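# Breakdown of the fold
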Amino acid sequence: MTERAGKVTGAVTVSVDGYSAGLHQTEERPFGDDGGDGTGAGLHAWMFETPDENRAEVEQMTAADAFVMGRNMFGPVRGAWDRPWNGWWGDDPPFHAPVFVLTHHAREPQPMAGGTTYHFVTDGIVAALDRARAAAGAGEVSVLGGATTLNQYLAAGLIDELRLHIAPLTLGAGTRLFEGVPALRLEQVSARAASLVTHVTYRVLR
């Protein structure tokens, strides 16, 4: 298991029934059948419709010293990298730190404006976390998702703190947090209700 120099956090927005995206995800509808137009507007309304009310949580999501994400969160391109794609966040992504993207297909690192560089890791979740921890030093590493990636890290016992942003809607089916994850012991660290979300942070006990 990876040695823990700094905290490893996991963060994700989910529906009340635990889904981070609906069924039938496509490039045009990256959140699939999400009760709207497929862009996740309902799930993430707390970020975009009430940003002042949730400023601390929005800032916290990109405050880590290195990040890990799955390829599905990075973008819709599947298989070999047969066309340019540098993430959903434009030329100046909000991370401003190294981001390690899990993939089965090798690709050279992609530097972006503002200090973000995407590194593509083909040898699994532990290798990606090891590289992120080396980049972060004693700082925090954040596993940003999606839920499938976060589930892998939770199942492997590699998450120290879990930050859930629970949107007041249900999806009924889709990509679900905790799918395939053994029973966990969690200690509630904080909880805060806002108009479009409830923020809950848990410490993952071992």
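Refer to the preceding data block for the structure.
Throughout this description, residue numbers start from 1 for each chain and increase along the sequence as written. Selection of residues for local features in this predicted model requires a pLDDT of at least 70, selection of side-chain atom pairs for listing and counting requires 80 or more, and totals for whole chains, interfaces and linings are taken over all residues. Only hydrogens and water are removed before side-chain values are computed, so all heavy atoms of the structure are retained for them.

Right, let's talk about the layout of surface pockets for a bit. Estimated volume of the largest pocket: approximately 1400 Å³. Looking at the lining of the largest pocket, the elements with two or more residues in it are strand 1 (8-15), strand 2 (19-21), helix 1 (45-48), helix 2 (55-61), helix 3 (71-74), strand 7 (141-145) and helix 5 (147-155). Only DSSP runs of H or I reaching four residues or more are called helices, and only runs of E reaching two or more are called strands; each is numbered from the N terminus. The leading source of residues in the lining of the largest pocket is helix 5, at four residues. When residue character is reported, Ala, Val, Leu, Ile, Met, Phe, Trp, Tyr, Cys and Pro are called nonpolar, Asp, Glu, Lys and Arg charged, and the others, Gly included, polar. Classifying every residue of the lining of the largest pocket by side-chain character gives 23 nonpolar, 23 polar and four charged. Of the grid points, spaced at 1 Å and generated over the protein atoms alone, those admitting a 1.4 Å probe that cannot get out make up cavities, while open sets with protein on both sides within 12 Å along at least five of seven lines make up pockets; any residue with an atom within 4 Å of a point is treated as lining. Grid points are joined across faces, edges and corners, and a volume is the space filled by probe spheres set on the points.

The next subject is the nonpolar core. The biggest cluster of nonpolar side chains holds 27 residues, and the ones touching the most others in it are V68, V141, V143, L150, Y153, I159 and L177. Looking at this core, the elements with two or more residues in it are strand 1, strand 3 (66-70), strand 4 (98-102), helix 4 (125-136), strand 7, helix 5 and strand 8 (161-167). Any pair of residues with heavy atoms lying within 4.5 Å of one another is described as a contacting pair. Other than its neighbours up to four places away in sequence, V68 contacts F100, L102, A128, A132, V141, S142, V143, L144, G145 and Y153. Each nonpolar core is a collection of buried residues, namely Ala, Val, Leu, Ile, Met, Phe, Trp, Tyr and Cys, held together in the definition by side-chain atoms within 4.5 Å. Whether a residue is buried, partly exposed or exposed follows from its accessible area with a 1.4 Å probe, protein chains only, as a fraction of its type maximum: under 20%, in between, or over 50%, in that order. Listed in part, the 16 residues of the second largest apolar core include W85, A97, V99 and M112.

Quick look at the packing of aromatic side chains now. Stacked, edge-to-face and tilted labels apply to pairs of Phe, Tyr and Trp rings (six-membered ring for Trp) whose centres lie within 6.5 Å, assigned for plane angles under 30 degrees, over 60, and everything in between, in that order. Enumeration over the complete set of coordinates arrives at seven aromatic pairs. Measuring from ring centre to ring centre gives 4.9 Å for F74 and Y118, while their planes differ by 75°; the resulting arrangement is edge-to-face. Pair noted here: F74 is in helix 3 and Y118 is in strand 6 (residues 117-121), with a separation of 44 residues, a long-range link. The class for F74 is buried, based on a relative accessible area of 1%. On the numbers, 5.5 Å between centres and 80° between planes, the contact of F74 with F120 is edge-to-face. Taken together, the residues F74 in helix 3 and F120 in strand 6 connect sequence positions 46 residues apart. Residue F120 is classed as buried on the basis of its relative accessible area, which comes to 7%. Among the aromatic side chains, those forming a connected cluster through ring pairs are F74, W81, Y118 and F120. We count a charge as sitting over a ring when the NZ of a lysine or the CZ of an arginine lies within 6 Å of the ring centre and within 35 degrees of the ring normal. Of note, R71 hangs over the ring of W81, and the distance from its end group to the ring centre comes to 3.7 Å. Lying across the ring of W81, R107 places its NZ or CZ 4.7 Å from the centre.

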